[in-house]
Amino acid sequence: MDSFEPDGNGAAQDLLHPPLPVPPDVKPIKAEFEPAKKKVAIVPMARHGLGSKGPKISILTNHFKVNVGNVDGHFFHYSVSLSYEDGRPVDGKGVGRKVIDRVHETYRSELAGKDFAYDGEKSLFTVGPLPNNKLEFTVVLEDVTSNRNASPDGHDSPNEHDRKRLRRPYQSKTFKVEISFAAKIPMQAIQNALRGQESENSQEALRVLDIILRQHAAKQGCLLVRQSFFQNNPNNFTDIGGGVLGCRGFHSSFRTTQGGLSLNIDVSTTLIIRPGPVVDFLLANQNVREPGSLDWNKAKRLLKNLRIKVSPSNQEYKITGLSDQFCKDQLFSLKQKSMKNENGEAETLEITVYDYFVNHRNIQLRYSAKMPCINVGKPKRPTYIPMELCSLVSLQRYTKALSTFQRASLVEKSRQKPQERMSVLSNALQSSNYGAEPMLRSCGVSISSNFTQVEGRVLPTPRLKVGNGEDFFPRNGRWNFNNKKLVEPARIERWAVVNFSTRCDINSLVRDLIRCGEMKGIHIDPPFDVFEERNQNRRSPPLARVENMFEEIQSKLPGAPQFLLCLLPDRKNSDLYGPWKRKNLAEFGIVTQCMAPTRVNDQYLTNVLLKINAKLGGLNSMLAIERTPSIPIVSKVPTMILGMDVSHGSPGQSDVPSIAAVVSSRQWPLISRYRASVRTQSPKLEMIDSLFKRVSDKEDEGIMREVLLDFYTSSGKRKPDQIIIFRDGVSESQFNQVLNVELDQVIEACKFLDENWNPKFAVIVAQKNHHTKFFQEGSPDNVPPGTVIDNKICHPKNNDFYLCAHAGMIGTTRPTHYHVLLDQIGVSADDLQELVHSLSYVYQKSTTAISVVAPICYAHLAASQMGTFMKFEEASETSSSHGGVTAHGAVPVPQLPRLRENVCNSMFFC
């Protein structure tokens, strides 16, 4: 051991000399540290100018102009504290509004007649101040179900307190309410925001206006989901299968725009549980016919925290669980008042729940005997009710993931043609009757009943290039490959067909595929072999079926194939898909295409060939200007385009890792070729945390290093001088994080590669999840593809625009809202809008312009495909749909397997 290394016993410390004593006449000099330079946070950039390209078009939009008369007034913000008589805080949602309403009724004079805007939790707002900064009130609510003593009608449930409750069927409760002053918000802040001077006050003032809308809807008995409101009207319900209904309602929120304050109203749909008998819901949800076939563990997870009405009392309660035994076997202790023991106490009788209801309560039970009971009490003090006496109440949200078929049904049943949507929105505004809302009146708010008119422009369609030097203009955002060849067709030489027990004529399928390929310019050799799954493997687990198939492939093929065509029995959600893709891409580096050959025709096979060609390194079509130096922004200097997205597990799955995908352009000056890098990260974490991952002084394992090196090698050893980032899936409140967390990592990754390298950045966020829609005045059609709007309804200060690049064939077109957060390149509005429009035409899977730029679509595809590599469902099945979210970093996140070198730079995600 080196003499200066510690040996674990402090021996090395003995070798060090003690410090010399400081002479008494010497004054030690205080070391001066330079304060670390504080990094200035980047904020979203302001708009530099408007675009002018393209013929103008008059458009109507679902924004309604709002005037605020009381600009000199103030909102006063008060904190609300609710507690029971004994000082326990009130935690039940929904009770707050009832309590505050009672305070408002009972103490109107003490509150100087002021109206409230209450958010249902801890904040209350008034226009002008209340008489005192701190007010305390006591109110009594009669018909409030207490979570502590919950029991249907007080006597129809077996429980030791049965007799007591018989005399008190309703539980009256006393609440203490404390209202204390928190802040003063000038209404003038709204006017300032409209002039581009946003502040915390302006955001708070707009929040107050939105809270008023929520309160207005709550008073009408609506289900509130953020700023969307749903009424209990069966005419608005549509069954999408599995015991789930789509419930149509309205989104309503205030927006600051260039044209002033506006109210944005749109049709909105949420999912609710089908009201009615609990058993009927469970049968539909699990898709079984007989109660005997129900999975009660699954039912218990699904029913927890749902509200039911109990017959015959009509009382409402929350489900806390199911009994461990069936109704005919579940015992409880019933106190017998007529029978006393020697101490004079009522004797208890052990009796089953079934016996109690049938013989003591004389309630006929037809089918509950062989089912668990519903528990509405506490785990240690259960209160059991036979299932057939329980009905689910209406307007309860369903928060589990939908099946593919449910999703398709929801989309089909909730879409509306533009004219129908306009008429529904006009009626919604009228029936909302906001003019009668006292809080809006006291703010001096008046809302126009007319759709706002805006001026749009239709951008010119980009010219596309296909094979044989042919180029053409798509019509109405669409084209086809009839009598056309692909611009860069691949050759398919070493390949085979793998059939997982699908019934089809494979010889005919292969013949048609080769024929269609020849027509498109793809040379396809006959397949080496067709591998049929053996009968004995069909019932094996998916992983074993894939392993067995690969053993057979390896035993018969002379070497690794270039390509495998895989025939799957299920069109959607095949359990084989994930294990098959993982085996091919991560373990063997083989390009593969899956298909379910149900309705095969030439059009279907052409679409499959487009995907195969892109995966094998070919190009189907490209922009005519792609190889010339005329693409705005991109052609003049090496430019890399990134698409970034994070996909999360279903709302109920709190422990499923999120998946971050970064797609990057390659082979500059092309903007049609991409590759993807995908990583897992902590559940529900929206910011990508693996862009830069320094593991030592010379090593970075982050995504950016991977994509930058690929760009360099694929683009003639050129580093990108410009990097354009398209980011999907972030809300306005997260823009600063994109600029100061994610962009920081990107810059660090660049600097780590070369300290002197300073590329310029543009950061653009694409949002689809908004409520702005466009309509053509006097036309039943959607707006034409290429419609762009950057005025009037856009942000008063920030650089944003709306683009409908695609042709809306069904329903009403949803534009993409692009926010330019940063532009160090110095791009004009016209050039940027043209680039974004062009990037909607380079999506290799499709012969249509798509609604959002291709790199973002590819990032979605890459994340979802690699998500199937890992089976997360086992962990997430136990997580309740009503549960919380796992703390970031609390659980180690399982890593995705890395793809083999020969496929990692391919468009495997197509």
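Everything numeric in this text was worked out from a predicted model, so none of it was measured.

1. Describing the overall build of the protein chain
Alright, step 1. A count of helices and strands for the protein chain gives 21 helices and 39 strands.
Alright, step 2. Every one of the 910 residues in the protein chain was classed for burial, and the buried ones make up 53%.
Alright, step 3. Long-range pairs, those at least 24 residues apart, make up 73% of the contacts in the protein chain with a sequence separation of at least 6.
Alright, step 4. For the protein chain, the exposed surface amounts to about 43200 Å²; the carbon and sulfur share of it is 48%.

2. Some words on helix α13 (residues 542-556)
Alright, step 1. Taking 1.5 Å per residue, 15 residues should reach 21 Å; α13 reaches 22 Å between its end C-alpha atoms and fits that length.
Alright, step 2. Looking at α13, one finds that the buried residues are Arg-545, Val-546, Met-549, Phe-550, Glu-552 and Ile-553. An end-on view of α13 places all buried positions within 160 degrees of arc, on one side of the element. In α13, those exposed residues whose orientation departs by more than 90 degrees from the buried face are Leu-543, Glu-551 and Ser-555.
Alright, step 3. Buried positions along α13 lie against β25 (495-499), β27 (530-532), β28 (563-567) and α14 (577-588).

3. Description of the sheet that holds strand β14 (residues 315-318)
Alright, step 1. Read from one edge of the open sheet, 4 strands run β12-β20-β13-β14, paired in antiparallel fashion. Looking at the sheet topology across the chains shown, the edges are occupied by β12 (276-277) and β14.
Alright, step 2. Bridge count for β12 against strand β20 (residues 390-392) is 2 bridges, and the pairing is antiparallel. Pairing of Pro-277 across the sheet is with Ser-391, part of β20.

4. A closer look at the pattern of salt bridges
Alright, step 1. Applying the stated criterion across every chain, the model contains 33 salt bridges.
Alright, step 2. For Asp-697, the salt bridge is made with Arg-694, and the minimal N-O distance between the two is 3.3 Å. We note that Asp-697, like Arg-694, is exposed.
Alright, step 3. Between Lys-719 and Asp-754 there is a salt bridge, with the nearest N and O atoms lying 2.5 Å from each other. A residue pair is termed long-range when its members are at least 10 positions apart, and Lys-719 in the loop between α16 (703-714) and β34 (722-728) and Asp-754 in the loop between α17 (735-753) and β35 (760-767) qualify at 35 residues.
Alright, step 4. Taking relative accessible area as the criterion, Lys-719 reaches 34% and is therefore assigned partly exposed.
Alright, step 5. The network of salt bridges with shared partners includes Arg-666, Arg-675, Arg-679, Glu-706 and Asp-710.

5. Notes on helix α10 (residues 418-432)
Alright, step 1. Spanning 15 residues, α10 covers 21 Å between terminal C-alpha atoms, matching the ideal 21 Å at 1.5 Å per step.
Alright, step 2. Every buried residue belonging to α10 is among Pro-418, Arg-421, Met-422, Leu-425, Ala-428, Leu-429 and Ser-432, and all of these are buried. Viewed end-on, α10 has its buried residues packed into an arc of 125 degrees, placing them on one side of the element. Facing away from the buried surface of α10 by more than 90 degrees, the exposed residues are Gln-430 and Ser-431.

6. As for the confidence of the model for the protein chain
Any region with low pLDDT has predicted coordinates that should not be read closely.
Alright, step 1. Residues with a pLDDT of 70 or more make up 89% of the protein chain, whose mean pLDDT is 86.
Alright, step 2. Considering only residues more than four positions removed or in separate chains, one finds that residues 1-16, a stretch of pLDDT under 50, has 6 contacts.
Alright, step 3. Note on residues 873-889: pLDDT is under 50 here. Beyond four places in sequence and across chains, it has 31 contacts.

7. Things to note about the packing of aromatic side chains
Alright, step 1. Taken as a whole and assessed by the stated rule, the structure comprises 20 aromatic pairs.
Alright, step 2. Taken together, a centroid distance of 5.8 Å and an interplanar angle of 80 degrees make the contact between Phe-451 and Phe-775 edge-to-face. Pair noted here: Phe-451 is in strand β21 (residues 445-458) and Phe-775 is in strand β36 (residues 774-776), with a separation of 324 residues, a long-range link. Across this residue pair, the class does not change: Phe-451 and Phe-775 are buried.
Alright, step 3. Centre to centre, the rings of Tyr-858 and Phe-909 are 5.2 Å apart; their planes meet at 50 degrees, and the pair counts as tilted.

8. What about the pairing of strand β32 (residues 658-665)?
Alright, step 1. With 8 of its 8 residues buried, β32 lies for the most part within the structure.
Alright, step 2. Where burial is concerned, the two faces of β32 agree: the one with Ser-658, Ala-660, Val-662 and Ser-664 and the one with Ile-659, Ala-661, Val-663 and Ser-665 are both buried.
Alright, step 3. In the sheet, strand β31 (residues 639-647) pairs with β32 via 6 bridges, with the strands oriented antiparallel. Counted as the bridge partner of Val-646 is Ala-660 from β32.
Alright, step 4. By the bridge criterion, 8 bridges tie β32 to strand β33 (residues 674-681) in an arrangement that is antiparallel. Bridge assignment links Ser-664 to a residue of β33, and that residue is Arg-675.

9. Points about the environment of Met-809
Alright, step 1. Its location among the elements puts Met-809 in the loop between β38 (799-804) and β39 (816-823).
Alright, step 2. By relative accessible area, Met-809 is classed as partly exposed at 46%.
Alright, step 3. C-alpha separation for the pair Met-809 and Lys-417, spaced 392 residues apart in sequence, amounts to 9.4 Å.
Alright, step 4. Apart from the residues lying within four places of it in its own chain, the contact partners of Met-809 are Lys-417 and Arg-478.

10. Digging into the packing of helix α6 (residues 278-286) against helix α7 (residues 296-303)
Alright, step 1. At a closest axis distance of 11 Å, the pairing of α6 and α7 adopts a crossing angle of 115 degrees. Judged by the inter-axis angle, α6 sits roughly perpendicular to α7. Regarding α6 and α7, the two cross each other, and that crossing is right-handed. Residues Val-278, Phe-281, Leu-282, Asn-285 and Gln-286 of α6 touch α7, and the partners they reach there are Trp-296, Lys-298, Ala-299, Leu-302 and Leu-303.

11. Some words on the side chain of Ser-323
Alright, step 1. Tracing the backbone shows Ser-323 in strand β15 (residues 321-326).
Alright, step 2. A polar side-chain atom of Ser-323 sits 2.7 Å from the main-chain carbonyl oxygen of Gln-325.
Alright, step 3. Of note is the side chain of Ser-323, whose polar atom sits 2.7 Å from the backbone nitrogen of Cys-373.
Alright, step 4. The residues touching Ser-323, leaving out its near neighbours within four places in the chain, are Gln-330, Pro-372, Cys-373 and Tyr-384.

12. What to know about the sheet that holds strand β22 (residues 464-465)
Alright, step 1. The strand order across the open sheet built from 3 strands is β23-β22-β30, with neighbouring strands paired in antiparallel fashion. Since the sheet does not close on itself, it has two edges, and those belong to β23 (471-472) and β30 (622-623), each with one partner.
Alright, step 2. Examined bridge by bridge, β22 and β30 share 2 bridges and lie antiparallel to one another. From the neighbouring strand, Lys-465 faces β30, where its bridge partner is Met-622.

13. Points about the environment of Pro-796
Alright, step 1. With respect to the helices and strands, Pro-796 occurs in the loop between β37 (787-789) and β38.
Alright, step 2. Spatially, the C-alpha atoms of Pro-796 and Arg-195 are 6.4 Å apart, while their sequence positions differ by 601 residues.
Alright, step 3. If we ignore the near neighbours within four places in the chain, the residues touching Pro-796 are Ala-193, Leu-194, Gly-196, Thr-256, Thr-257 and Gln-258.

14. A closer look at the state of the cysteines
Alright, step 1. Under the counting rule described, the total for this entry stands at 0 disulfides.
Alright, step 2. Between Cys-222, a free cysteine, and Cys-247, which holds the nearest cysteine sulfur, the sulfur-to-sulfur gap is 9.1 Å.
Alright, step 3. Note on Cys-222: relative accessible area 13%, which makes it buried.

15. A short note on the packing of α13 against α14
Alright, step 1. Where α13 contacts α14, the axes come no closer than 9 Å and their chain directions differ by 50 degrees. Taken together, α13 and α14 sit at an angle that is classed as oblique. Handedness of the crossing formed by α13 with α14: right-handed. Residues Pro-542, Leu-543, Val-546, Glu-547, Met-549, Phe-550, Ile-553 and Gln-554 of α13 form the contact with α14, whose own contacting residues are Pro-579, Trp-580, Lys-583, Asn-584 and Phe-588.
Alright, step 2. Considered class by class, the residues forming the contact of α13 with α14 number 9 nonpolar, 2 polar and 2 charged.

16. A word on the side chain of Gln-593
Alright, step 1. In this structure, Gln-593 sits in strand β29 (residues 591-595).
Alright, step 2. Polar contacts involving the side chain of Gln-593 include one to the side chain of Lys-615, which spans 2.8 Å.
Alright, step 3. Beyond its immediate stretch of four places on either side in the chain, Gln-593 contacts Phe-563, Leu-564, Leu-565, Cys-566, Val-608, Lys-611, Ile-612 and Lys-615.

17. Some remarks on unusual backbone geometry
Alright, step 1. Residues Ser-311 and Pro-312 are joined by a peptide bond in cis, for which omega reads 5 degrees.
Alright, step 2. Backbone torsion omega between Trp-668 and Pro-669 reads 15 degrees, so that peptide bond is classified as cis.
Alright, step 3. Within the secondary structure layout, Pro-669 lies in the loop between β32 and β33.
Alright, step 4. The backbone of Asn-362 shows a phi angle near 55 degrees, a positive value even though the residue is not glycine.
Alright, step 5. Of note, Asn-362 is situated in the loop between α8 (353-360) and β18 (372-375).
Alright, step 6. Located in the positive-phi region is Asn-476, a residue other than glycine, with phi close to 55 degrees.
Alright, step 7. With respect to the helices and strands, the residue Asn-476 is situated in the loop between β23 and β24 (491-492).

Criteria and cut-off values
Residues numbered from 1 in each chain as written. Predicted model: local features only at pLDDT ≥ 70, side-chain atom pairs only at ≥ 80, totals over all residues. Heavy atoms only, no water. Helix = DSSP H or I, 4+ residues; strand = E, 2+ residues; numbered from the N terminus. Buried < 20%, exposed > 50% of the residue type's maximum accessible area, 1.4 Å probe, protein only. Contact = heavy atoms within 4.5 Å. Areas by Shrake-Rupley, 256 points an atom, 1.4 Å probe, with all protein chains shown as cover. Expected span 1.5 Å × (residues − 1). Arc of directions from axis to C-beta. Pairing = 2+ DSSP bridges. Salt bridge = Lys/Arg side-chain N within 4 Å of Asp/Glu carboxyl O. pLDDT = per-residue confidence, 0-100. Phe/Tyr/Trp six-rings, centres within 6.5 Å; stacked < 30°, edge-to-face > 60°. Axes fitted to C-alpha atoms, helices over the stretch in contact; angles between N-to-C directions. Parallel < 35°, antiparallel > 145°, perpendicular 65-115°, else oblique. Left-handed = near helix turned anticlockwise from the far one by under 90°. Polar contact = N/O pair within 3.5 Å; in protein donor to acceptor, adjacent residues only side chain to side chain. Disulfide = S-S within 2.5 Å. Nonpolar A, V, L, I, M, F, W, Y, C, P; charged D, E, K, R; others polar.

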